Amino acid sequence: MKIKSIMFVCLGNICRSPLAEAIAKNIISELNLDIKIASAGTVGYHQNEMACEQSIKTAKKHGIDLTKHRAQKLTQKHIKEYDLFIVMDKTNYRDLKKYKLNMKILGDFGFDGKAVPDPYFTGNIELVFDMIERAIKNMLAELF
Ligand code: 4NP
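Just so it is clear, the structure is predicted and the values come from calculations on it, not from any experiment.

Visitor: Can you explain the site of the ligand? Please cite residues and give values.
Guide: Around the ligand lies a shell formed by Cys 10, Leu 11, Gly 12, Asn 13, Ile 14, Cys 15, Arg 16, His 46, Asp 118, Tyr 120 and Phe 121. In the model, an oxygen atom of the ligand is placed 2.7 Å from a nitrogen or oxygen of the His 46 side chain. The contact in question runs from an oxygen atom of the ligand to an N or O atom on the side chain of Asp 118, over 3.0 Å. In isolation the ligand offers 350 Å² of accessible surface; the protein chains occlude 91% of this area. Looking at side-chain class alone, the shell around the ligand contains six nonpolar, three polar and two charged residues.

Dropping the structure here:
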């Protein structure tokens, strides 16, 4: 199946998946690819909130404006609309397994399936940014 849209998913859609969405959009536009990109959380606790402060700051350092992001929860509409779901960790994977999606862990692309550490709790945000960026580049090289 030709992938025309990718949905990045984490728990809250405030730290990791918003970064993944923004980084992917940047790379995709550099590569002139036509792929729809979005992000969502498996839970709605942070619905309509801005991205977390660490993610906004790190994105800015790398020339990406994340201030317009507003958190959303993954919906049935997304599930019907998107071709590929890229989750940040095994908990996200388990939570979405019942929907039988075309789904991968971002760490499957060059990181032995390792989880993207959650900066909301412990992860070093610079390492998180770097891992997300490298894994997305690997993913795009593999898929397109
Ligand atoms: P994210 O980080 O899944 O990368 O957006 C988190 C955001 C919120 C919570 C946990 C992780 N939370 O427990 O509210």
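Here the narrative resumes, following the displayed structure.
Visitor: Describe the pairing of strand β3 (residues 84-87), listing the residues and the values that go with them.
Guide: Side chains of β3 alternate between two faces, with Leu 84 and Ile 86 and Phe 85 and Val 87 buried alike. Relative to β3, strand β1 (residues 5-10) is paired through four bridges, and the arrangement is parallel. If you follow Met 7 over to β3, its bridge partner there is Phe 85. The handedness of the β3 to strand β4 (residues 103-105) crossover, carried by helix α4 (residues 90-96), is right-handed.

What counts, and where the lines are drawn
Residues numbered from 1 in each chain as written. Predicted model: local features only at pLDDT ≥ 70, side-chain atom pairs only at ≥ 80, totals over all residues. Heavy atoms only, no water. Near = heavy atom within 4 Å. Polar contact = N/O pair within 3.5 Å; in protein donor to acceptor, adjacent residues only side chain to side chain. Areas by Shrake-Rupley, 256 points an atom, 1.4 Å probe, with all protein chains shown as cover. Nonpolar A, V, L, I, M, F, W, Y, C, P; charged D, E, K, R; others polar. Buried < 20%, exposed > 50% of the residue type's maximum accessible area, 1.4 Å probe, protein only. Helix = DSSP H or I, 4+ residues; strand = E, 2+ residues; numbered from the N terminus. Pairing = 2+ DSSP bridges. Right-handed = clockwise from strand over helix to strand, strands pointing away.

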